Structures are given as structure tokens and as C-alpha cells.
Amino acid sequence: MNRYPLWKYALIVVVLLVGVVYALPNLYGEDPAVQVSSSRQPVDAALRERVLGTLRAQGVPFRSAELADGRLLVRMADTEAQLKAVDVLREALGPDYTVALNLAPATPAWLRAINARPMYLGLDLRGGVHFLMEVDLEAALAQAEERYVDDIRGLLREAKIRYLGIRRGADGIEIAFRDAAERAHAAERIRGTLQGLELAERDAGGVFLVARLSERERREVMRLAVQQNITTLRNRVNELGVAEPVIQQQGEGRIVVELPGVQDTARAKEIIGATATLEYRLVDTEHSVEEALAGKVPPGSRLYRTRDGRPILLKRRVIVTGDQIINAASGFDQQTGSPAVFVTLDGAGARRMLAVTRENVGKPMAVVFIENKVETRVVDGRKVRTTRRVEEVINVATIREPFGKRFQTTGLDSPEEARNLALLLRAGALAAPVQIVEERTVGPSLGADNIEQGFRAVVIGFVLVLAFMAVYYKVFGLVADLALFVNLVMVVALLSMLQATLTMPGIAGIVLTVGMAVDANVLIFERIREELRNGNTPQASIHAGYEKAFSTIADANITTLIAAAVLFTFGTGPIKGFAVTLSLGIVTSMFTAIMGTRAVINLVYGGRRLKALPI
């Protein structure tokens, strides 16, 4: 009696081994590191050699360097070398590369090979920076009205409706006409085509038609502006190599950005705060680039440079801008199999693109990337912040046929170039300016204090429970203590396997789990005592104790799981972290308290003739 089949012991051993292996990475610390990334230049073996050569020449010690996910990570010997390396590399690599401080997990290679990684620590434990950013929704609405001005102008020209002028004023878009008949004709065409506008007639001072964004259109413009800015910010944060960043909308027009583990907060602020946009322009093939270089730039054109420095003459008239791009994805041309980028425009952008491409088949069209970068330089020993406007042509393609809403760009050298171009098209532009209205920095020392206090709470709770169980339930209590330790290991292993983020509320969930984990054993042990008092044999009491207590334990844990699921569904941030650790703790405690302790008890007492039980 009270014997497990061999497969159950094997299952417990396998689960225990897997738990120990995947919890191990949390015992290793982090190496100070420097991360080099770029959205413009290739990050490859050549750059790796260049970076390592620079560090050797400057006498900066480093441990190793690895290329992964388009980034170069150089592990440094210590923090002092890390800070020196950042300054050296920023000076050597220039503005085309992003050089950022980083903390790389010191997990051994054999653990990384099986994808065993440490769990992430939240902002309150690891330290980092918190930004509250406000999107300029009025600017987004103004940009939308500007687009409608161009759309109305093109629509009236296409319909051959005469108008005296069109401009965007404080009251909306004002269109002046000679007479009421032309105004009525224009209103009919605008209502039929531009359904996001509300029209009103005004006769004071002339014959005017005033167009305003409808309430539904205003809300849609503001929603899209915030969503596109979140996407853009998320891609920019990726440049910093931050694990588990939090970027989410707060209220109608604000965005919260939390970057755990970021050491160089000034650099993070520069990258996040950069403003960028895209413009599609026609290439000026009628005039000479050489003459433009000599200073004779045609009035309707402007001289630009490509990323490799070649001069190119573009028309001043903008066809569409980055905020009119709904989506851009890389792929392959179905006919030729060459790398391509598939672009989708919004309605207004599609109409404008169709009108322009219809008249310019066979001519080249360029994409201009415009970015305002804030840089910090040391001048005479003092840090000086300057803003630099970067305008460069990232792609030139020939218009083969008229297109509008969806089109593809081919002629790219590699799939990687297609992916980079799609990324730039999709996320290079902020739909509206944002400004940082609140900034909080949680220092590493404060995070370390939180970890120490949280660890101390877990240890004190753990030791008190161990002592109580050992004194009150003797050998059975010691078995429950062993299960409790295994339960902690398994919770940490599951958090690491899921790559969940541990925060202070998460630690509270673990402490709560410690108490709940022995609750199941208390129920089982009290049931065994009751069976012994009723005169049952020790073996029958053990069997009855586990069998009869199971339904009670299951009911209690299922109800707690339901509560945790509700917390996870409706909670945010730290509340979700608490719900995750609580849920994992309940599942693992069910396994260790019921199956784990039963296995040990069976090994110790199973199949033996017993006169009494030490419980």
C-alpha cells in the first residue's frame, strides 16, 4: 500500500530537473556591456572587427563580442571600462550608429543553447527610467486638415469647379467662390468624396464654403496618431536593446514608456524624443545635378543626398508623407522573386499617389527620410545638447504603372534591405509631435534595495513556515518543507521559461504562494491525524488522508485561480504581475504538495508495517 508506479517517480524527477535547469540562469549576474545598432548601416562582422580594433587601440578591456538580431553586443570587463567604451565608440562610429549602455545576462553558453534565460526584472527592481509623453493631438488634427486642403484642391480641379481660393483658418478649411451655384456644385462633390468632412455655408464677406473635420473623423485622427506614435516609439526603444519595455497608452493622448535596466537615461531620451517623417517626392530628371551642385538649383526642385552620399535632385512638391502610410511589409515580388516592400496608403494618400503616378509613368520617385536628432556633445568640458536635422533619400524607384492605395517597391539588393526599408516606412514617422511631460528615474541602488527587501521577506516567510511545519508535523512537516523549497524553484523556473517580468507585486505573489503551498499539506496531514484517531492503520490513514483531502484542496485552489484570472484580465502592469506569480504558484504548489510529498511519503513509509506515524 502507498506505493507509486515507477513512471510517477520518473515524472517527478524529470519535472524537478527541468525546473532546476531553467531556474539556474537567475543565479548568474549581469555583465556590463555596450550595444551597437543602426537602422542605416549594416551591423556585421566587419563592424565587429572595427569596434574591437577601436577598443584595443584605446586600451579599453573587453571580454567578448557577439552579433545577434542585427546588433553588436560587447561585454566589458567592468563598469569603468563600459563607460569609457561608450565614449570611445560614439566618437569613432559617428551619428550613423547607436551606441548604448546595456546589461547582458552572464548566463553560460550551455544554458543559453537550450534557451534557458533569467527572468526579467521590472522597473522597481532593476532601476531604469519612466517617461510620460503627451501627443500633440492639435498638431495631428492640423496635419489632417492640411491634407484635406490638398485633397479639396485636387478634387475641385478634377471636377473643373472654379474657386477663388482655399486656405486653412481657425474655423476650418475656407473655400471662396464667385457665386452660390459654384459653391453648391463643389459641396455636392466634396460630400460625395470626402466623407470625413462636415460642410457649412458662410456668406459674410463673400461666398464661402467652410469644411470642418467631423467628430468621428477627429476621434479617428487622434486615435491613429497615438497608435502610430506607440508603434514608432516601440521600434525606437528596440534600438536601446531594452528587455520587456512598457509602452502603452494612458488616457486619450498620453503614452507611458518604462525602460527597465536603462543606464544611460540621457541617451534613451534622445532616441525616444527624436522626431522623424517620410516624404515621397518625384525625382527632377529635367535639370542637371551638376548645375545644382554648382549652386544653380531650379526653383521647383531641391538638392538631396542618398545614404551613400550621392547627390540627387528632387521636386519640391510632396506626394504623400509618412503619416499617410497605413502599413509597409517586406516580401518577394511574385513575378521576379526579387525582394520587395509592399506599401498601403490611406484613402487621401492613395488618391494623391494615383493622380501623380498616372501622369509620371516611367519616371523615378524617391523616398526621403527626415529626422530631427538631439545629440549631446562635450564642448570645453561641458555637455551641450544640439538638434540636427537629417534629410536623406533612402530609396529611388521607377514608376512602372499608375498605382494608388497599394503598391510595391522593387529593385532592392537583399531581403534585409527590404526589411529595413519596410521598418523605416512603417515606423519612421511620428504621426504627431510628442513631448515628455514627466520623467522619473529609478536608480539601480533603489532597485537593489527593493530586491533585497523582497528577498528578505521571502526568506523570513519561508523560514517561519519551515520551522512551524517541522515542529508541529515532525517528519511529515520536513517533507512539506522540502516540497515548499521545490515549489519556489519551480515558480522561478516557470517565470524564466515564460520570460515574465518580476516586480514588487510579483514578489508579494510569491510570498503569498509560500503560505498557500503548505495549506494543502496542512489539510492532508490533519486528515491523516483524524484517520489515526478513528483507529485506522497508519498505511490506511496515509491513503485516506491524501484521497479525502484532494477535493477540498482542488476547490480552494480553483477558486483562487479564478480570482487570479480576473485580476490578470482587468488589471494593468503590477496587478498583472501579481496575478501571474500567484497563478503559477498555485499550479506548482498543487503539484508539489499533492504529488511531490506523496512520492516522498511513499518512499519513506510505503509498503512497511508501521505501528505509529510521526505526525
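Note that this is a predicted model, so its numbers are computed, not measured.

### Structural notes on the overall build of the protein
Counting its secondary structure elements, the protein contains 16 helices and 22 strands. Counting the 615 residues in the protein, one finds 47% classified as buried. Restricting the contact set of the protein to residue pairs at least 6 apart, pairs at least 24 apart contribute 72%.

### Looking at the pairing of strand β20 (residues 406–409)
On β20, burial follows the alternation: Phe407 and Thr409 on one face are buried, whereas Arg406 and Gln408 on the facing-out side are not. Bridge count between strand β17 (residues 339–345) and β20: 4 bridges; the pairing is antiparallel. Paired with Phe342 across the two strands is Gln408, which belongs to β20.

### Digging into the pattern of salt bridges
With the rule as written, the count across this model stands at 20 salt bridges. As a salt-bridge pair, Arg63 and Asp31 come within 2.7 Å of each other at their nearest N and O atoms. Taken together, the positions of Arg63 in strand β2 (residues 62–68) and Asp31 in strand β1 (residues 30–37) put the pair 32 residues apart, joining distant regions of the chain. Across the pair Glu252 and Arg219 runs a salt bridge whose closest N-O atoms are separated by 3.9 Å.

### A look at the sheet that holds strand β9 (residues 197–202)
Note on sheets: strands pair through backbone hydrogen bonds, and any given pair is parallel or antiparallel. The 4 strands lie next to each other as β7-β8-β10-β9, forming an open sheet whose pairing is antiparallel. The two strands at the open ends of the sheet, each matched to only one other strand, are β7 (165–169) and β9. Along the sheet, successive strands turn relative to each other by an average axial angle of 25°, direction set aside. The pairing of strand β8 (residues 172–177) with strand β10 (residues 207–213) spans 5 bridges and is classified as antiparallel. The residue bridging Ala176 from the neighbouring strand is Phe208, located in β10.

### Comments concerning the pairing of strand β15 (residues 311–321)
For a regular strand, side-chain orientation follows a simple rule: the groups alternate between the two sheet faces. Note: strand β14 (residues 301–305) against β15, 5 bridges, orientation antiparallel. Of the residues in β15, the one forming a bridge with Arg302 is Leu314. What sits between β14 and β15 in their antiparallel hairpin is a turn of 5 residues, with Gly309 showing a positive phi close to 90°.

### Topic: the environment of Glu286
Considering the arrangement of structural elements, one finds Glu286 in the loop between β13 (275–283) and α10 (289–293). The spacing of Glu286 and Pro298 is 12 residues in sequence and 9.7 Å in space, taken between C-alpha atoms.

### Overview of the nonpolar core
Ile152, Ile175, Ile190, Val257 and Leu259 are the most contacted members of the largest nonpolar core, which has 46 residues in total. Once you skip the residues sitting within four places of it in the chain, Ile152 turns out to touch Ile166, Ile173, Ile175, Ile190, Leu194, Leu197 and Ala211. The next biggest cluster of nonpolar side chains, apart from the first, holds 37 residues, and it includes Val479, Leu488, Val518 and Ala593.

### Regarding the side chain of Arg183
Mapped onto the fold, Arg183 is located in helix α7 (residues 180–193). The class of Arg183 is buried, set by a relative accessible area of 4%. Contacts of Arg183, omitting those with residues within four sequence positions, involve Phe177, Glu201, Arg202, Asp203, Val207, Phe208 and Leu209.

### Details of the packing of aromatic side chains
This model, assessed by the stated rule, comprises 8 aromatic pairs. Relative to Tyr473, the ring of Tyr472 has its centre 4.9 Å away and its plane inclined at 90°; by these criteria the two rings are edge-to-face. By relative accessible area, Tyr473 is classed as buried at 2%. Here the aromatic residues Phe468, Tyr472, Tyr473, Phe476, Phe525 and Tyr605 are joined through ring pairs into a cluster of three or more. Arg202 extends its terminal NZ or CZ atom over the ring of Phe208, reaching a point 4.8 Å from the ring centre. Positioned above the aromatic ring of Phe568, the side-chain terminus of Lys576 is 5.0 Å from the ring centre.

### Looking at the sheet that holds strand β21 (residues 434–442)
Ordered by their spatial adjacency, 4 strands build an open sheet running β11-β12-β6-β21, and the pairing between neighbours is antiparallel. At either margin of the open sheet sits one strand with a lone partner, and together these are β11 (246–250) and β21. Shown here is a sheet whose adjacent strand axes are inclined to one another by a mean of 15°, direction ignored. Of the strand pairs in this sheet, strand β6 (residues 128–135) and strand β12 (residues 254–260) are connected by 7 bridges, and their pairing is antiparallel.

### Here's the deal with a nonpolar patch on the surface
Together, Ile558, Ile562, Val566 and Phe570 make up a nonpolar patch on the protein surface, roughly 430 Å² of accessible area in all. By the element assignment, Ile558 lies in helix α15 (residues 538–570).

### Some thoughts on helix α2 (residues 45–57)
Under the 1.5 Å per step criterion, the end-to-end length of α2 is 18 Å for 13 residues, consistent within 8% with the ideal 18 Å. Those residues of α2 that are buried are in contact with β1, β2, β3 (71–76) and α3 (79–93).

### Focus on the packing of helix α14 (residues 504–533) against α15
Orientation of α14 relative to α15, taken along the N-to-C sense of each, is 145°, at an axis distance of 7 Å. As α14 packs across α15, the resulting crossing turns out to be right-handed. Counted together, Met516, Ala520, Leu523, Ile524, Phe525, Arg527, Ile528, Glu531 and Leu532 of α14 and Pro538, Ser541, Ile542, Ala544, Gly545, Tyr546, Lys548, Ala549, Thr552, Ile553, Asn557 and Thr560 of α15 form the full contact between these two elements.

### Focus on unusual backbone geometry
Excluding glycine, residues mostly have negative phi values, and the peptide bonds linking residues are mostly trans. Backbone geometry at Lys474 places phi at a positive 55°, although glycine is not the residue there. Mapped onto the fold, Lys474 is located in helix α13 (residues 444–497). By relative accessible area, Lys474 is classed as partly exposed at 45%. One non-glycine residue, Gln499, adopts positive backbone phi at about 55°. Summarising the element assignment, Gln499 is placed in the loop between α13 and β22 (501–502). Its relative accessible area of 11% is what places Gln499 among the buried residues.

### A word on the packing of helix α6 (residues 137–158) against helix α11 (residues 347–359)
Put simply, α6 and α11 touch, their axes get as near as 10 Å, and they point 40° apart. Here α11 runs oblique to α6, going by the angle between their axes. Classified by chirality, the crossing of α11 by α6 is left-handed. In this structure, α6 uses Arg147, Asp150 and Asp151 to contact α11, whose residues at the interface are Ala348, Arg351 and Arg352. Tallied by class, the residues present in the contact of α6 with α11 amount to 1 nonpolar, no polar and 5 charged.

### Notes on the confidence of the model for the protein
Summing up the model confidence of the protein, the mean pLDDT is 82 and the portion of residues at 70 or higher is 90%. Here helix α12 (residues 415–427) stands out as the element of the protein with the lowest mean pLDDT, 66, in contrast to helix α1 (residues 6–23), whose mean of 92 is the highest.

Thresholds, definitions, all that
Residues numbered from 1 in each chain as written. Predicted model: local features only at pLDDT ≥ 70, side-chain atom pairs only at ≥ 80, totals over all residues. Heavy atoms only, no water. Helix = DSSP H or I, 4+ residues; strand = E, 2+ residues; numbered from the N terminus. Buried < 20%, exposed > 50% of the residue type's maximum accessible area, 1.4 Å probe, protein only. Contact = heavy atoms within 4.5 Å. Pairing = 2+ DSSP bridges. Salt bridge = Lys/Arg side-chain N within 4 Å of Asp/Glu carboxyl O. Axes fitted to C-alpha atoms, helices over the stretch in contact; angles between N-to-C directions. Core = buried A, V, L, I, M, F, W, Y, C linked by side-chain atoms within 4.5 Å. Phe/Tyr/Trp six-rings, centres within 6.5 Å; stacked < 30°, edge-to-face > 60°. Lys NZ or Arg CZ within 6 Å of the ring centre and 35° of its normal. Patch = residues over 30% accessible without salt bridge, like charges linked within 9 Å, V, L, I, M, F, W, Y side chains within 5 Å. Areas by Shrake-Rupley, 256 points an atom, 1.4 Å probe, with all protein chains shown as cover. Expected span 1.5 Å × (residues − 1). Left-handed = near helix turned anticlockwise from the far one by under 90°. Parallel < 35°, antiparallel > 145°, perpendicular 65-115°, else oblique. Nonpolar A, V, L, I, M, F, W, Y, C, P; charged D, E, K, R; others polar. pLDDT = per-residue confidence, 0-100.

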